[in-house]
Amino acid sequence: MAATQATNPSQLLPLELVDKCIGSRIHIVMKTDKEIVGTLLGFDDFVNMVLEDVTEFEITPEGRRITKLDQILLNGNNITMV
Amino acid sequence: GCNRGKEEKKKKESIFDLSKYIDKPIRVKFQGGREASGVLKGFDPLLNLVLDGTIEYMRDPDDQLKLTEDTRQLGLVVCRGTSVVLICPQDGMEAIPNPFIQQQDG
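All figures in this text were calculated on a predicted structure; none of them were measured in a lab.

Conventions used here
Residues numbered from 1 in each chain as written. Chains lettered and ligands numbered in written order. Predicted model: local features only at pLDDT ≥ 70, side-chain atom pairs only at ≥ 80, totals over all residues. Heavy atoms only, no water. Helix = DSSP H or I, 4+ residues; strand = E, 2+ residues; numbered from the N terminus. Contact = heavy atoms within 4.5 Å. Areas by Shrake-Rupley, 256 points an atom, 1.4 Å probe, with all protein chains shown as cover. Buried area = accessible area lost by both parts, 1.4 Å probe. Salt bridge = Lys/Arg side-chain N within 4 Å of Asp/Glu carboxyl O. Polar contact = N/O pair within 3.5 Å; in protein donor to acceptor, adjacent residues only side chain to side chain. Nonpolar A, V, L, I, M, F, W, Y, C, P; charged D, E, K, R; others polar. Buried < 20%, exposed > 50% of the residue type's maximum accessible area, 1.4 Å probe, protein only. Pairing = 2+ DSSP bridges.

Undergrad: Hey, could you run me through the overall build of chain A in this one?
TA: Scanning chain A from N- to C-terminus turns up one helix and five strands. In chain A, the order of α-helices and β-strands from amino to carboxyl end is α-β-β-β-β-β. Considering only contacts within chain A whose residues lie at least 6 apart along the sequence, 35% involve residues at least 24 apart. In the form shown here, chain A has an accessible surface area of approximately 4,700 Å², with 52% of it arising from carbon and sulfur atoms.

Undergrad: How should the interface of chain A and chain B be read in this particular structure?
TA: One widely used convention gives an interface's size as the accessible area the parts lose upon coming together. Listed by partner, the interface residues are 28 residues for chain A and 26 residues for chain B. Interface area lost by chain A to chain B is led by A:Pro14, A:Lys31 and A:Met81, which between them contribute 28%. Counting the contacts that link chain A with chain B gives one salt bridge. Between B:Arg34 and A:Asp33 there is a salt bridge whose closest N-O contact spans 3.8 Å. Along the contact surface separating chain A from chain B lie seven residue pairs in polar contact (both at pLDDT 80 or more). If you list the elements that add at least two residues to the side of chain A that touches chain B, you get helix H1 (14–20), strand E1 (25–30), strand E2 (34–43) and strand E5 (79–81) of chain A. It is H1(A) that provides the largest number of residues to the side of chain A that touches chain B, a total of four residues. Each residue belonging to the side of chain A that touches chain B can be placed in one class, and the counts come to 16 nonpolar, eight polar and four charged.

Undergrad: Whenever I open this one, the environment of B:Gly92 confuses me. Can you help?
TA: Residue and element names in this part refer to chain B. Relative to the assigned elements, Gly92 resides in the segment after strand E5 (84–89). Judged by relative accessible area, Gly92 falls into the exposed class, the value being 82%. Sequence spacing of Gly92 and Arg80 is twelve residues, and the spatial spacing of their C-alpha atoms is 24 Å.

Undergrad: Could you clarify how one ought to interpret the pairing of strand E3 (residues 49–58) of chain A in this entry?
TA: Successive side chains on a regular strand alternate, one facing one side of the sheet and the next facing the other. Residue and element names in this part refer to chain A. Pairing analysis gives eight bridges linking E2 to E3, with the strands arranged antiparallel. Looking at the pairing, Val37 lines up with Thr55 of E3. Where E2 hands over to E3, the hairpin turn is made up of five residues, of which Val47 adopts a positive phi near 55 degrees. By the bridge criterion, nine bridges tie E3 to strand E4 (residues 63–74) in an arrangement that is antiparallel. Counterpart to Val50 in the pairing with E4 is Leu73. Between E3 and E4, which pair antiparallel one after the other, the connecting turn spans four residues, and Glu62 there sits at a positive phi close to 55 degrees.

Undergrad: Can you walk me through the environment of A:Leu12 in this structure?
TA: Examined against the element boundaries, A:Leu12 turns out to sit in the segment before H1. Among all residues touching A:Leu12, those that are not within four sequence positions of it are A:Leu17, A:Lys20, B:Lys41, B:Gly42, B:Phe43 and B:Val50.

Listed below in structure tokens is the structure:
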């Protein structure tokens, strides 16, 4: 990325932490009441994510919505927490 | 004066230094009404955050000021800077009486 890091590099960078999660199961919280659980295969600078063995949850109705296998590309626009 | 030729030199300077909040508990509000609090472990210039021991609060129509309902322990999380609307320290906040209530004299 072109942005210069004015911060002290000895702290934990968010995208480094996401990188460490590659290959692990992660839980993604969207801006809306939707959450995605899956195995992280990769991500890009915009934190669009490629996930596998994905389960999608709607939090308010408290039900599991769709279980999707194969791979999905999750648009990073609506991701709030990882 | 400023030298603006064909190149635009953009410096990514933060207007706010988050390093003073490292290892301190902070409260974060997100687009969509979510709130979370946790200890700030890291951040980047795009305002992505690493929070530890994160507690998430969700708003209901009943919620308003009640943050004790529907809290979840999330542990170590990365918060997307594109979604963050507010960051403040956990201390240094207090509830005040509503300053916007107007008293109508008949």
